[in-house]
Amino acid sequence: MDEEMFQELLRLVTPLIQKQDTNMRQAISVQDRLLATLRYVATGRSLQDLKFSTLISPQALGLIIPETCKALYTVLKKDYFKVPASAEEWRVIAEDFEKSWHFPSCGGAIDGKHVRITPPSKSGSLYYNYKGFLSIVLMAIVNANYEFIFIDVGKNGRASDGGSLKDTASIGGSSHSKQGLNFLVVGDEAFALHEYILKPYPHNYLRCKKTPTRPPPTALPIDKPRNPDPARWPSVETPAGYNSQATNAKAKKVREEYMAYFNGVGAVDWQDAAIELMSFRDCLLSVVK
């Protein structure tokens, strides 16, 4: 961070974090408060470690850092954490996605991260996540330039990414769409398929051509003998781990429409070779296992 940017942040947060001196002692300066907070955010160092470089006690840092972070959010959220509120703002994001990533009618990419914490007392398993540690969930949506347009943090780690999204916000569509495709955001397999949330097909058996059944492992040019399990080669219409009863019919239709687009007018030169290579690799791995 250069001096000019630091001074601008200092000017913005000073009214919110400045403290008065008393007859007993001088208050910690606004500059020291901001420096300590930025150093903590940038390095992740413990308060016990920061006390040597900031000359501020861990007890005071435990109060200063949350207060300054809240002040930074208050003064910056209008310009840097603004969720699109109009069709025009969504249109700009969608155009960036189409220009940079060849993906039409996309309003953002969504993902979540479990942030390890020391849980509150008597919280039990509320913050215990499926990865085996205690956490809270950071949920974010970014635009085509990796810039945040939505952030939510604080959901207990017991909730999955999809569950956190359900409790966090309702993401709706927009009238701005192209090629007759639904306006949506893209996510990974942690999220439930929805008409406004697109996640990929299970990637284990991606192929260039759609066939009624999976190709048997014996079709691979490998000398190693195999005894394939028929359960590992399900029908294309019901891929492994795919619960058709729990999946919205309209959401499936939206994903099929995107699949048709990306295999038709929206295809790029290198995608067929990449799919063939991925399919061959996954088949090899399934045989080795």
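Residues numbered from 1 in each chain as written. Predicted model: local features only at pLDDT ≥ 70, side-chain atom pairs only at ≥ 80, totals over all residues. Heavy atoms only, no water.

## Here's the deal with the overall build of the protein chain
From N to C terminus, the protein chain includes eight helices and five strands. Sequence-ordered secondary structure for the protein chain, helices as α and strands as β, is α-α-α-α-α-β-β-β-α-β-β-α-α. Of the roughly 18600 Å² that the protein chain leaves accessible, carbon and sulfur atoms contribute 55%. (Helix = DSSP H or I, 4+ residues; strand = E, 2+ residues; numbered from the N terminus. Areas by Shrake-Rupley, 256 points an atom, 1.4 Å probe, with all protein chains shown as cover.)

## What to know about unusual backbone geometry
With a phi angle near 55 degrees, Ser 105 is a residue other than glycine that sits in the positive phi range. With respect to the helices, strands and loops of the structure, Ser 105 is situated in the loop between α5 (87-101) and β1 (106-116). Positive phi outside glycine occurs at Tyr 146, with the angle close to 65 degrees. Relative to the assigned elements, Tyr 146 resides in the loop between β2 (135-142) and β3 (148-156). Exposure remark for Tyr 146: the relative accessible area of 62% places this residue in the exposed category. (Buried < 20%, exposed > 50% of the residue type's maximum accessible area, 1.4 Å probe, protein only.)

## Considerations on the pairing of β1
Pairing geometry for β1 and strand β4 (residues 184-186), over two bridges, is parallel. When the sheet's bridge partners are listed, Cys 106 is paired in β4 with Leu 184. (Pairing = 2+ DSSP bridges.)

## Considerations on the pairing of β2
Burial analysis of β2 places six of its eight residues in the buried class, the great majority of the element. Looking at chain direction, β1 and β2 are connected through eight bridges and run antiparallel. Counterpart to Gly 112 in the pairing with β2 is Met 139. Sheet analysis places β2 next to β3, joined by seven bridges and oriented antiparallel. In the sheet register, Val 137 faces β3, and the bridge partner there is Lys 155. Two successive antiparallel strands, β2 and β3, enclose a turn made up of five residues, where Tyr 146 displays a positive phi of approximately 65 degrees.

## Concerning the confidence of the model for the protein chain
Caution applies to low-pLDDT parts of the model: their predicted coordinates are not meant to be read in detail. Across the protein chain, pLDDT averages 80, with 78% of residues at or above 70. Here residues 217-246 is a poorly scored stretch, pLDDT under 50, and it has 43 contacts once near neighbours within four places are set aside; other chains count. (pLDDT = per-residue confidence, 0-100. Contact = heavy atoms within 4.5 Å.)

## Looking at the sheet that holds β1
Strand pairing in a sheet takes place through backbone hydrogen bonds and is either antiparallel or parallel in direction. Here we have five strands laid out as an open sheet, ordered β3-β2-β1-β4-β5, and mixed in their pairing. If you trace the sheet from one side to the other, it starts and ends with β3 and β5 (197-198), each paired once.

## Overview of a nonpolar patch on the surface
A grouping of Tyr 73, Tyr 80, Phe 81, Val 115, Leu 138, Phe 148, Ile 151 and Val 153 is seen on the molecular surface, where their side chains present a nonpolar patch of about 720 Å² in accessible area. If you list the elements that add at least two residues to the nonpolar patch, you get α4 (58-80) and β3. Broken down by element, the residue count for the nonpolar patch peaks at three residues, all from β3. (Patch = residues over 30% accessible without salt bridge, like charges linked within 9 Å, V, L, I, M, F, W, Y side chains within 5 Å. Salt bridge = Lys/Arg side-chain N within 4 Å of Asp/Glu carboxyl O.)

## Notes on helix α1 (residues 3-17)
Over its 15 residues, α1 runs 20 Å from end to end, which matches the ideal 21 Å to within 8%, given 1.5 Å per residue. At Arg 11, α1 shows its maximal kink, close to 30 degrees; a proline, Pro 15, follows between one and four residues later. Taken as a whole, α1 has its buried residues at Phe 6, Leu 9, Leu 10, Val 13 and Ile 17. Lining the buried residues of α1 we find α2 (30-43) and α4. (Expected span 1.5 Å × (residues − 1). Bend = angle between axes of the 7 residues up to and from the residue.)

## Considering α4
The largest bend in α4 is about 35 degrees, located at Thr 74. Lining the buried residues of α4 we find α1, α2 and α3 (47-54).

## Considerations on the packing of α3 against α4
Look at α3 against α4: their axes get within 9 Å of each other, and the N-to-C directions meet at 95 degrees. Considering their axes alone, α3 and α4 lie roughly perpendicular with respect to each other. Contacts between α3 and α4 involve Leu 47, Gln 48, Leu 50, Lys 51 and Thr 54 from the first element and Pro 58, Leu 61, Gly 62 and Ile 65 from the second. The residue makeup of the contact of α3 with α4, split by class, is five nonpolar, three polar and one charged. (Axes fitted to C-alpha atoms, helices over the stretch in contact; angles between N-to-C directions. Parallel < 35°, antiparallel > 145°, perpendicular 65-115°, else oblique. Nonpolar A, V, L, I, M, F, W, Y, C, P; charged D, E, K, R; others polar.)

## Regarding the packing of α1 against α4
Taken N-terminus to C-terminus, the directions of α1 and α4 make an angle of 120 degrees; their axes are 9 Å apart at the nearest point. Comparing their axes, α4 and α1 come out oblique. Judged by the sense of rotation from one axis to the other, the crossing of α1 with α4 is right-handed. Between α1 and α4, the contacting residues are Leu 9, Leu 12, Val 13, Leu 16 and Ile 17 on the first element and Glu 67, Thr 68, Ala 71, Leu 72, Thr 74, Val 75 and Leu 76 on the second. Here the contact of α1 with α4 is composed, by residue class, of nine nonpolar, two polar and one charged. (Left-handed = near helix turned anticlockwise from the far one by under 90°.)

## Concerning the environment of Glu 256
Checked against the element boundaries, Glu 256 lands in helix α7 (residues 249-262). Separated by 55 residues in sequence, Glu 256 and Tyr 201 have C-alpha atoms that sit 10.0 Å apart.

## Regarding the pattern of salt bridges
Applying the stated rule across the entire model yields nine salt bridges. The closest approach of N and O atoms between Arg 45 and Asp 49, which form a salt bridge, is 2.9 Å. Judged by relative accessible area, Arg 45 falls into the partly exposed class, the value being 26%. As a salt-bridge pair, Glu 257 and Lys 253 come within 2.6 Å of each other at their nearest N and O atoms. Here Lys 253 and Glu 257 lie together in helix α7, a separation of four residues that amounts to about one turn. Given a relative accessible area of 26%, Glu 257 falls into the partly exposed group. Among the ionic contacts, a cluster of salt bridges with common partners joins Lys 19, Arg 33 and Glu 67.

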